[in-house]
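This is what each chain is made of:
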Amino acid sequence: MAAHPGARGTARPATTHPQTATRNVPLILSGANVVMPTGTLKEGQVIVDGTRIAGTAPESARRIDLTDHWLVPGFVDIHNHGGGGASFTSGTPDDVVTGIHTHRLHGTTTLVASTVTGDMDFLAQRAGLLSELAEQGEIAGIHFEGPFISPCRKGAHSEELLRDPDPAEVRKLIDAARGKAKMVTLATELPGGIDSVRLLAEHGVIAAVGHTDATYEQTVEAIEAGATVATHLFNAMPQLGHRAPGPIAALLEDERVTVELINDGTHLHPAALELAFHRAGAARVAFITDAMDAAGFGDGRYLLGPLEVEVSEGVARLVEGGSIAGSTLTLDRAFQRAVTIDRLPVEDVVAALSANPARLLGMYDTVGSLEPGKDADLVVLDADFGLKGVMRRGEWVVDPQLG
């Protein structure tokens, strides 16, 4: 749920090292621990030729020694509302680009821009703006979080703007996105919810169960109708109960469902994270940021539509009521936390940050792993899993040699 910058939240460009063009200079990135779909190659190498990962290195290739580093695929974020002081819901096109670039600096080379609950006409207009950026290749598509969610589990959404998921209105947003709608979050127990799930499935758009007050049985019905994602599992839904297991149990147990997790240390207890990985398995988890404007920007006051948000020590909460209002997370921090604090295997974390969301978006043929033929999207991490370099489509966004 993105917060919109208020008077003290003016967007500003993020800073980085000067970009180093590599498209005309083939590279051999050697000596690193390279995480591949089949496992980790110690002292491995990745060859970059133009915008792609290559299988063989031309004689003109320049070698970069990355000994004692990790080389992993670029991160794929399917749920992100903004960053760098900029909102994907309310900002200008330049603001949106600022937010995109902020997350690229932290390793997210593929990003789906998420909107927040608003008036239908306004959301349709936003979809048009964001679809242009998708057509330009800046974002991978659009995610509509709201307005078709439960007032009982609204989180930091404006209750007066919520509405039942009428399939005709869902179709209006899909059409406005001009083929770039990737996902819609729904409270599928509401009137029209199941029919809307079927509509989304028919149009190749992901139906995500979230901000829901559904029972276990209602959630099973939604999955059978075609829902395939759990929007930030555990958050904004009934807690797991031993007599009334609710949506969490249904979403965890079904092999067709990918579960989003916000691994920032605020949204989830480590035991909940462990439960999700244990029950769903590493192949069904997608780490997301659910980031709002303050990601990569700083503490302060922001506006979420008419709702005021206070960001303090990196945690965003509504001023009135104290509900969590998205996150200030970046995926490099999610990676480092998952490995160093949660003690998850590096290969499982790479799957959750890259391969799984890429498959979900239908983009695994071009992104999500370091296999030859794919886009040269990659992240360089040091021995402590701190970010040192980011490459997107063969160009350094953050050059590890200048760090």
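S.K.: An account of the pattern of salt bridges is requested, with residue identities and associated values reported.
M.R.: Side chains that differ in charge, positive against negative, can pair when their charged atoms come close. Across all of its chains, the model carries 13 salt bridges by this definition. Of the charged contacts, one joins Asp175 and Arg171 as a salt bridge, the two residues approaching to 2.9 Å between their closest N and O atoms. Here Asp175 pairs with Arg171, and both are found in helix α3 (residues 167–176), just four residues apart, close to one helical turn. Taking the relative accessible area as the measure of exposure, Asp175 reaches 45% and is therefore partly exposed. For Glu371, the salt bridge goes to Lys374, with nearest N and O atoms at 3.2 Å. Its relative accessible area of 5% is what places Lys374 among the buried residues. Several salt bridges converge on common partners, so that one network encompasses Glu224, Asp254 and Arg256.

S.K.: Describe in detail the layout of surface pockets, supporting the description with residues and values.
M.R.: A volume near 230 Å³ is recorded for the largest pocket. Along the wall of the largest pocket there are 18 residues; nearest its centre are Gly137, Ile139, Ala140, Met363 and Arg393. Looking at the lining of the largest pocket, the element that brings in the most residues is strand β10 (residues 108–115), giving three residues. Looking at the lining of the largest pocket residue by residue, the class counts come to six nonpolar, five polar and seven charged.

S.K.: Summarise unusual backbone geometry; cite the residues concerned and give the values.
M.R.: With omega at 15 degrees, the peptide bond leading from Gly146 into Pro147 counts as cis. Here Pro147 lies in the loop between β11 (141–145) and α3. Even without glycine at this site, Glu313 takes up a positive phi of about 55 degrees. Tracing the sequence through the fold places Glu313 in the loop between β18 (307–312) and β19 (315–318). Even without being a glycine, Phe385 presents a positive backbone phi close to 65 degrees. Residue position: Phe385 is located in the loop between β20 (378–381) and β21 (387–392). Phe385 gets classed as buried once you look at its relative accessible area, which sits at 10%.

S.K.: Which residues make up the side chain of Thr258, and what are the values?
M.R.: With respect to the helices and strands, the residue Thr258 is situated in strand β15 (residues 258–261). Overall, the relative accessible area of 12% leaves Thr258 in the buried class. Excluding residues that lie within four positions of it along the chain, Thr258 makes contacts with Thr228, Val229, Ala230, Arg284, Val285, Ala286 and Leu360.

S.K.: Help me get a handle on the packing of helix α2 (residues 120–135) against α3, residues and values and all.
M.R.: Two measures define how a pair of helices packs: the angle their axes make with one another and the distance between the axes. One way to put it is that α2 packs onto α3 with a least axis distance of 8 Å and a crossing angle of 25 degrees. With respect to their mutual orientation, α2 and α3 come out roughly parallel. For α2 against α3, the interelement crossing comes out right-handed. On α3, the residues that touch Met120, Asp121, Leu123, Ala124, Ala127, Gly128 and Ser131 of α2 are Glu169, Lys172, Leu173 and Ala176. Of the residues assigned to the contact of α2 with α3, the class counts are six nonpolar, two polar and three charged.

S.K.: Before we move on, could you go through the confidence of the model for the chain and cite the residues and values that matter?
M.R.: The predicted model of the chain averages 92 in pLDDT, with 93% of residues at 70 or higher. Overall, residues 1–21 carries pLDDT values under 50, and its contacts beyond four positions in sequence, including any with other chains, amount to 78 contacts.

S.K.: Help me get a handle on the packing of aromatic side chains, residues and values and all.
M.R.: Evaluation of the coordinates by the stated rule reveals four aromatic pairs. For the ring pair Phe277 and Phe287, a centre distance of 5.8 Å and an interplane angle of 55 degrees mean the geometry is tilted. Highlighted residues: Phe277 in helix α7 (residues 270–280) and Phe287 in strand β16 (residues 285–287), separated in sequence by 10 residues. The pair Phe277 / Phe287 is uniform in exposure class, with both members buried. Cation over ring: Lys374 sits above Tyr364, and NZ or CZ is 3.3 Å from the ring centre.

What counts, and where the lines are drawn
- Residues numbered from 1 in each chain as written.
- Predicted model: local features only at pLDDT ≥ 70, side-chain atom pairs only at ≥ 80, totals over all residues.
- Heavy atoms only, no water.
- Salt bridge = Lys/Arg side-chain N within 4 Å of Asp/Glu carboxyl O.
- Helix = DSSP H or I, 4+ residues; strand = E, 2+ residues; numbered from the N terminus.
- Buried < 20%, exposed > 50% of the residue type's maximum accessible area, 1.4 Å probe, protein only.
- 1 Å grid on protein atoms, 1.4 Å probe; cavity = no way out; pocket = protein on both sides within 12 Å on 5 of 7 lines; lining within 4 Å.
- Points joined across faces, edges and corners; volume = space filled by probe spheres on them.
- Nonpolar A, V, L, I, M, F, W, Y, C, P; charged D, E, K, R; others polar.
- Contact = heavy atoms within 4.5 Å.
- Axes fitted to C-alpha atoms, helices over the stretch in contact; angles between N-to-C directions.
- Parallel < 35°, antiparallel > 145°, perpendicular 65-115°, else oblique.
- Left-handed = near helix turned anticlockwise from the far one by under 90°.
- pLDDT = per-residue confidence, 0-100.
- Phe/Tyr/Trp six-rings, centres within 6.5 Å; stacked < 30°, edge-to-face > 60°.
- Lys NZ or Arg CZ within 6 Å of the ring centre and 35° of its normal.

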